[in-house]
Amino acid sequence: PDRKFLFGGVGLASSVSAMERSTGRPLIWATAQYLSYANPDSFVDIDVRAPIQGNHVTQARVVGHVGEREIFTVNAALGRRDEIHPRQFAEMPAVPPPRDCDPMEFPFKDDEDLHARFEMRPTPRALEEDEGRARMWIRHRDGAEITSGLLAVIADYVPSAIRVALAKPAGA
């Protein structure tokens, strides 16, 4: 509890939101590299650069910094075009509904922490499934609108599934 830092997903979320607002285009994909940390009392500035703006896609970059110290960089593609053959390739696996899964508790509970804002419910592994697989339901407790920024925060919880897959306390 006494070691609090900017959650990586929040850095990615703020960068994605800033790029979408700056370019006027929706996010396609983004990746972040974390170089340092920011404490709760820090002010993180988000600088957006969009050096390439095509007809359909904009390539953009963010540098998040506290003063002169770089905290993270984010590279992204933003845009949209009508697809001739739209299709989603991933299929939802057969899992129990959230109400049938026990909530996941974090070892260091703090009602002021970001973790308190999300409800996570790992799905139990079926007997015939390979070891090392994990699936988890996750949602914002306040029913926040699903945006690319919120999905960036949620994506940073993926390492929490490590403890589910290993059935041991673990994470990243």
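Please refer to the structure higher up on the page.
Residues numbered from 1 in each chain as written. Predicted model: local features only at pLDDT ≥ 70, side-chain atom pairs only at ≥ 80, totals over all residues. Heavy atoms only, no water.

### Description of the environment of Ala-152
Then step 1. On the secondary structure map, Ala-152 appears in helix H2 (residues 148-155).
Then step 2. Accessibility expressed as a relative area gives 7% for Ala-152, which makes it buried.
Then step 3. Between the C-alpha atom of Ala-152 and that of Ser-14, which follows or precedes it by 138 residues, the distance is 8.9 Å.
Then step 4. Those residues in contact with Ala-152 that lie beyond four places of it in its chain are Gly-9, Leu-12 and Ala-13. (Helix = DSSP H or I, 4+ residues; strand = E, 2+ residues; numbered from the N terminus. Buried < 20%, exposed > 50% of the residue type's maximum accessible area, 1.4 Å probe, protein only. Contact = heavy atoms within 4.5 Å.)

### Topic: the nonpolar core
Then step 1. Counting residues in each nonpolar core, the largest one holds 24 residues, and the members touching the most others are Met-19, Val-62, Val-74, Phe-118 and Tyr-157.
Then step 2. Here Phe-118 is in contact with Ile-138, Arg-139, His-140, Arg-141, Leu-150, Val-153, Ile-154 and Tyr-157, once residues within four sequence places are set aside. (Core = buried A, V, L, I, M, F, W, Y, C linked by side-chain atoms within 4.5 Å.)

### Points about the pattern of salt bridges
Then step 1. What the rule picks out here adds up to 2 salt bridges.
Then step 2. The partner of Glu-119 in a salt bridge is Arg-121, with the nearest N and O atoms 2.4 Å apart.
Then step 3. Under the relative-accessibility criterion, Arg-121 is labelled buried at 18%.
Then step 4. Close ionic contact of Glu-119 with Arg-139 constitutes a salt bridge, the shortest N to O distance being 2.8 Å. Placement of the pair is Glu-119 in strand S5 (residues 118-122) and Arg-139 in strand S6 (residues 136-140), with a sequence separation of 20 residues.
Then step 5. Owing to a relative accessible area of 12%, Glu-119 belongs among the buried residues under this scheme.
Then step 6. Members of the salt-bridge network, linked through shared partners, are Glu-119, Arg-121 and Arg-139. (Salt bridge = Lys/Arg side-chain N within 4 Å of Asp/Glu carboxyl O.)

### Observations concerning the sheet that holds strand S1 (residues 27-34)
Then step 1. Reading across the sheet, the 4 strands line up as S1-S4-S3-S2 and stay open at both edges, with antiparallel pairing between neighbours. Edge positions in the sheet fall to S1 and strand S2 (45-53), since each of these pairs with one other strand and no more. The average angle at which neighbouring strand axes cross in this sheet is 20 degrees, direction not considered.
Then step 2. Across 10 bridges, the pairing between strand S3 (residues 57-66) and strand S4 (residues 69-79) is antiparallel. If you follow Val-62 over to S4, its bridge partner there is Val-74. (Pairing = 2+ DSSP bridges. Axes fitted to C-alpha atoms, helices over the stretch in contact; angles between N-to-C directions.)

### Some remarks on the packing of helix H1 (residues 8-23) against H2
Then step 1. Two elements in contact, H1 and H2, have axes separated by 8 Å at closest approach and are oriented at 160 degrees. Judged by the inter-axis angle, H1 sits roughly antiparallel to H2. In this structure, H1 crosses over H2, and the sense of that crossing is right-handed. Counting all contacts with H1, which are made through Gly-9, Val-10, Leu-12, Ala-13, Val-16, Ser-17 and Glu-20, the residues of H2 involved are Ser-148, Gly-149, Ala-152 and Val-153.
Then step 2. Its residues assigned to classes, the contact of H1 with H2 shows 6 nonpolar, 4 polar and 1 charged. (Parallel < 35°, antiparallel > 145°, perpendicular 65-115°, else oblique. Left-handed = near helix turned anticlockwise from the far one by under 90°. Nonpolar A, V, L, I, M, F, W, Y, C, P; charged D, E, K, R; others polar.)

Any link to function would need more than the numbers given here.
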